[in-house]
Amino acid sequence: MLSDLRLALRSLVKSPGFTAVAIITLALGVGANTAVFSVVNALLLRLLPLPAAHELAFLSESSEQVPNMSVAYPNLVDWRARQRSFSSLGGFRNQGFNYLGPTEAEPMNGAHVSHDLFTTLGVPPRLGRFFTAAEDKPGAERTVLISERLWKRYFRESPDALGQKINLSGFIYTVVGVMPTSFEFPSPSTELWAPVALMLGEAMVANRGSHPGLYVIGRMKPGVTLDAARADLVGVARQLAEEFPATNRGNSAAVQLLTERTFGRIRPALLALFAAAAFVLLIACANVANLLLARAAARSRELVVRAALGAGRGRLVRQLLAESALLGLLGAGAGLLVALWSIEAIRATLPSQLPNLAQIGLSAPVFVFALCAGVGTSVLFGLVPAFSATRLNLSAALSQSARAGGSVGAARWRGALIAGEFALTVALLVCAGLMLRTLGNLYRADPGFRTEQRLSFNWALSGQKYADPKVRVQTLTQTLERLAALPGVQRVGLIAPLPLSGGGNQTTFRPETLPDPGPGKFPSTEIGPVNPEYFSTMGIPLVKGRVFNAHDTADSQGVCIIDTTLAEKFYPGQDPIGQRLTLGTLPTNPKLEIVGVVAHIQNYGIGQPTRYQTYRPYAQQPPFACAFVLHTAGDPAALTAEVRRTIRDVDPTLPIFQVRTMAETFASTITTQRLALNLLGLFAALALVLAAVGLYGVLSYAVGQRTREFGVRLAIGADARSVVRLVVAQGLKLAVIGLACGLALAAGAAWLMRTQFHDVSPFDPLSYVVVTALLLGVGVIACLLPALRATRVNPVEALRAE
């Protein structure tokens, strides 16, 4: 083998042009596959960075109205006591904190967690201990765990951090533990963890009808399947529905693997991109195989001489495969350089909240994959050239009249490879075209509000000072007035939460005219407190009635505004203005008068499911956390510094966070589609170039082998046009065959990707027609260049060469 590799190296060095083209072609295919595989390996093949992550399940409540509902705290307690499939259960909910450092306040992502969540996840603290059950109760001393990043940043890795007091959102907490950097739960940006029952308080802990954004992680016992665990928990939920019909009837439990919950939405897009990258590698290898076929034909006399001197066919095949393997090895090395550049670009477009993003890179499995992709595919595609070239007729080959033209079988293989390249290219181009149309539809879609010239930010009124609702209303009113006075600000809106932010507040409701549907069957609505200018700030049309005004205070009649979908469903053919509805199911909840109807908006993202929408005056439902939206006359981002300064003047202990334009917020909701389009477009462009180069190369080789034929044709009177038609027809025949097969392949690939498309059919005629025309045009150009060369053959010289 070493001898074969030395011979292969010398042979490749003697043909630098062939070697360079083959290596570059392989590098593009291997690099694209390696880059995508590094993402797939980190996000889909690797488990979450948690011990025995395959045993972890994500648990939530569910109902007909809300399939994925947060868990009431008393239900979590009963789940713990009654289920038999999980060794432990732990609850969590996302929560932001304001960390008051020695110089200024800093917003931090955190979570409220139950004391048993960390043992459920199985990650020990880097330093210190977890919460105790006694600390996870209302009224207990406030304790907190901090991340290793925070420990290094503010405590300089000192063990004395344990027992230190820190100010979080106006309350003093004692640091009891430090979690390692590898612990990224619920998200990689989480810095703080505080006891959930302590934060919920006595009323929420005892309220079975309240769903405060709490979700549950369970570790399944060894040998327990997901289906068995689901059946067990559904049975417990059924018992609770019978025991507490007022709050639990109609509610069940939902169980799914934590890895599926985390990566399920992005998996189809990544697998589609991996398949697209594989198509590019196949096209690249087909091109290299064609180069090897042509090279083998040109070396036929060399191979014949070797055979005549005693080399058996197996020895010759091994020599040619050694050259293929060496090409693959060099192509894999060059591909790793391409992947190294590509990986960073891909990682920058992925959602920052995905775990394992730090694991995307050139790890050992990625190196092995690149090596196997380069060497394996090169050897595989080198088999046909090797066996074809070593099928020798010594007497004919050694005769003076033998030509290095290659066999009919080799020509057929070259044609089949080109047709295959075109078929794969069609599939890539069609899918890229459909994604392009999808992205265009998303950008043109109407979310129900305006995003241009809008700046948004989030703010949380935390601390004992803001426990009084009147203080919150006064502070919010003062802040709205100051922001409205900034130069360049036309209007200011307040909402909780911000549309497209991924959050939402839901509650059941009952119109006064609706008969009691029974426990668990009340409809659900999104509910958000707003200021009177919110709708005009966001450009949400008022359809009927009025918006809120200064008279809608805490002491006045409770009012609300509903959206058009709620009005059409529950007040068909009626005027909803003046009607009353009740939010929630408690008999003590006040009846609210409907004073207006506004347009329905896509608050979770274009094409995402939404519920009915209801709005309350912020003076009647003052939020602790909210978002502000500024409609500006100029560039909204230019006001960021002024906005921060204004909020510091209101309360320097409450920093703002997630400051960005609404256009950026909208763009963040279509990250997956943009990533898919960018990579599919790149792969399709590579495939198109490789397919065109492959067709050009095959025809150029064919023209070179038919020099005598063209000379004879021209000598007996054929004109240049007929020669061009002959060559172009030969090339287009291959392209059309590949195009026909490719359209069928594209239809299948597009159908598999249909969940990634928005408002466009996987069989969209326009995309298929455009791709067909593009490929035919590229095919004609690729055919014309060798055809024109054929017309420049000198008949006298061609015949003399014979």
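Residues numbered from 1 in each chain as written. Predicted model: local features only at pLDDT ≥ 70, side-chain atom pairs only at ≥ 80, totals over all residues. Heavy atoms only, no water.

Asker: Just to check I follow, could you spell out the pattern of salt bridges for this structure?
Answerer: Any two side chains of opposite charge can pair, given that their charged atoms come close. Inspection of the entire model under this criterion finds 21 salt bridges. With a closest N to O distance of 3.6 Å, Glu 148 and Arg 126 form a salt bridge. Here Glu 148, found in helix H5 (residues 148-155), pairs with Arg 126, found in the loop between helix H4 (117-121) and strand E4 (127-128); they are 22 residues apart in sequence, far enough to count as distant. Among the ionic contacts, a cluster of salt bridges with common partners joins Glu 106, Arg 149, Arg 153 and Glu 191. (Salt bridge = Lys/Arg side-chain N within 4 Å of Asp/Glu carboxyl O. Helix = DSSP H or I, 4+ residues; strand = E, 2+ residues; numbered from the N terminus.)

Asker: Where do I start with the confidence of the model for the chain in this structure?
Answerer: In low-pLDDT regions, the fine details of the predicted coordinates are not to be read closely. Residue-level pLDDT values for the chain average 85, and 92% of them are 70 or greater. The low-confidence segment residues 400-406 (pLDDT under 50) makes 14 contacts with residues lying over four places distant or belonging to another chain. (pLDDT = per-residue confidence, 0-100. Contact = heavy atoms within 4.5 Å.)

Asker: Explain the packing of helix H23 (residues 720-752) against helix H24 (residues 765-791) here, please?
Answerer: At a closest axis distance of 8 Å, the pairing of H23 and H24 adopts a crossing angle of 155°. The angle between the axes of H23 and H24 places the two elements in the roughly antiparallel class. H24 is crossed by H23, and the crossing has right-handed handedness. Split by residue class, the contact of H23 with H24 holds 22 nonpolar, 4 polar and no charged. (Axes fitted to C-alpha atoms, helices over the stretch in contact; angles between N-to-C directions. Parallel < 35°, antiparallel > 145°, perpendicular 65-115°, else oblique. Left-handed = near helix turned anticlockwise from the far one by under 90°. Nonpolar A, V, L, I, M, F, W, Y, C, P; charged D, E, K, R; others polar.)

Asker: Mind showing me how you'd approach a nonpolar patch on the surface here?
Answerer: Residues Met 1, Leu 2 and Leu 5 make up a contiguous nonpolar surface patch of roughly 320 Å² in combined accessible area. Relative to the helices and strands, Leu 2 is located in helix H1 (residues 2-13). Residue classification places Leu 2 among the exposed residues on the basis of a relative accessible area of 62%. (Patch = residues over 30% accessible without salt bridge, like charges linked within 9 Å, V, L, I, M, F, W, Y side chains within 5 Å. Areas by Shrake-Rupley, 256 points an atom, 1.4 Å probe, with all protein chains shown as cover. Buried < 20%, exposed > 50% of the residue type's maximum accessible area, 1.4 Å probe, protein only.)

Asker: It is not clear to me how the packing of aromatic side chains should be interpreted in this structure. Could you clarify?
Answerer: Two descriptors summarise a pair of aromatic rings, namely the distance from one centre to the other and the angle between the planes of the rings. Applying the stated rule across the entire model yields 22 aromatic pairs. When the centroid spacing of 4.8 Å and the interplanar angle of 45° are considered together, the rings of Tyr 99 and Tyr 154 count as tilted. Remark: Tyr 154 occurs in helix H5 and Tyr 99 occurs in strand E2 (residues 86-100); sequence separation between them is 55 residues. We classify Tyr 99 as buried; its relative accessible area is 6%. A network of ring pairs unites the aromatic residues Phe 118, Phe 130, Phe 131, Phe 183 and Trp 193 as a single cluster. Looking at Arg 142, its charged tip hangs above the ring of Phe 171, at a distance of 4.1 Å from the centre. (Phe/Tyr/Trp six-rings, centres within 6.5 Å; stacked < 30°, edge-to-face > 60°. Lys NZ or Arg CZ within 6 Å of the ring centre and 35° of its normal.)

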